[in-house]
Amino acid sequence: PFMEFVSLPEAREYGGELEMENKIHSIEFKNVSFKYPGSDKYVLKDISFNINTGEKISIVGLNGAGKTTLIKLLCRLYEPNSGEIFVNGHNIYDYEYISYMEKIAVIFQDYKLFAFTIGENITCEEYSEDENIMGLIKEVGLGEKINSLPNGLNSLMGKSYDNEGVELSGGEEQKVAIARAIYKDAPLIILDEPTSALDPLAEAEIYEHFNTMVEGKTAIYISHRMSSSTFSDKILLIENGEVVDFDNHMNLMKKEESLYYKLFMAQAVNYQI
């Protein structure tokens, strides 16, 4: 399998020559459909919706509904089989590739941290003392942990190269990944299951500060914990690869026969005393 893999042709990072501007004014999916190569089944079918500048959007649906696929289409990791995706009124493939990717900060479920210092994992460059980074560390809930380390943000992650390296918990690593995405300071931030390794209290802390951390930015996030959707301006509900609703939490909760109401109430009952 490895020899087959390395013999595959390189994917082309193609696109137009249009320079992507520094602000997201609008995102539009227009009749977008997608299926994986070699499959007849469409993961997304004729998807259409609009996101405006500065909106916080939560994507909700059952496993396999197509939530992450939708994000990967927006990130140009996949291409639609039909339909178009527009950002600021232009097809995303009209933009020069690097210019487009610089404007998006994403944390996928399978994010990767490296055997560098914690500071380098956040900045993706040589780290030097920066008050902004320490403020960010506190906002994601890592301030106490970092301050307890002898070398602070200059502590090496893992023991691959140094026995003095720091082993962080899964939740702490996830907070480092969130800090990295926010540090990039892109106008569009996407969090795909950003809090799956966090306990409910740590998750509540992240969402409590979330709107402040991404103030002025457009944000899209996916979470199986329905409490996160109450922080959103709108919820995009996907069922069997189709958009079945796109509204705010209050309006969706009025539809007691809807999938959203059933999902929310199924989790809410577990927290009732």
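The rules behind these values
Residues numbered from 1 in each chain as written. Predicted model: local features only at pLDDT ≥ 70, side-chain atom pairs only at ≥ 80, totals over all residues. Heavy atoms only, no water. Helix = DSSP H or I, 4+ residues; strand = E, 2+ residues; numbered from the N terminus. Salt bridge = Lys/Arg side-chain N within 4 Å of Asp/Glu carboxyl O. Buried < 20%, exposed > 50% of the residue type's maximum accessible area, 1.4 Å probe, protein only.

Once that is clear, we can look at the environment of Cys-124. Residue position: Cys-124 is located in the loop between α4 (118-123) and α5 (131-139). Cys-124 sits 10 residues away from Phe-114 along the chain, and the two C-alpha atoms are 9.9 Å apart.

Attention now moves to the pattern of salt bridges. One pass over the full model with this rule turns up three salt bridges. Glu-102 is the partner of Lys-103 in a salt bridge, and the nearest nitrogen-oxygen pair spans 3.8 Å. Since its relative accessible area comes to 7%, Lys-103 is described here as buried. The exposure class of Glu-102 is partly exposed, given its relative accessible area of 46%. With a closest N to O distance of 2.5 Å, Asp-185 and Lys-217 form a salt bridge. With a gap of 32 residues between them, Asp-185 in the loop between α7 (170-183) and β7 (188-192) and Lys-217 in the loop between α8 (200-213) and β8 (218-222) connect regions that are remote in the sequence. For Lys-217, a relative accessible area of 11% puts it in the buried group.

These figures capture arrangement, not role.
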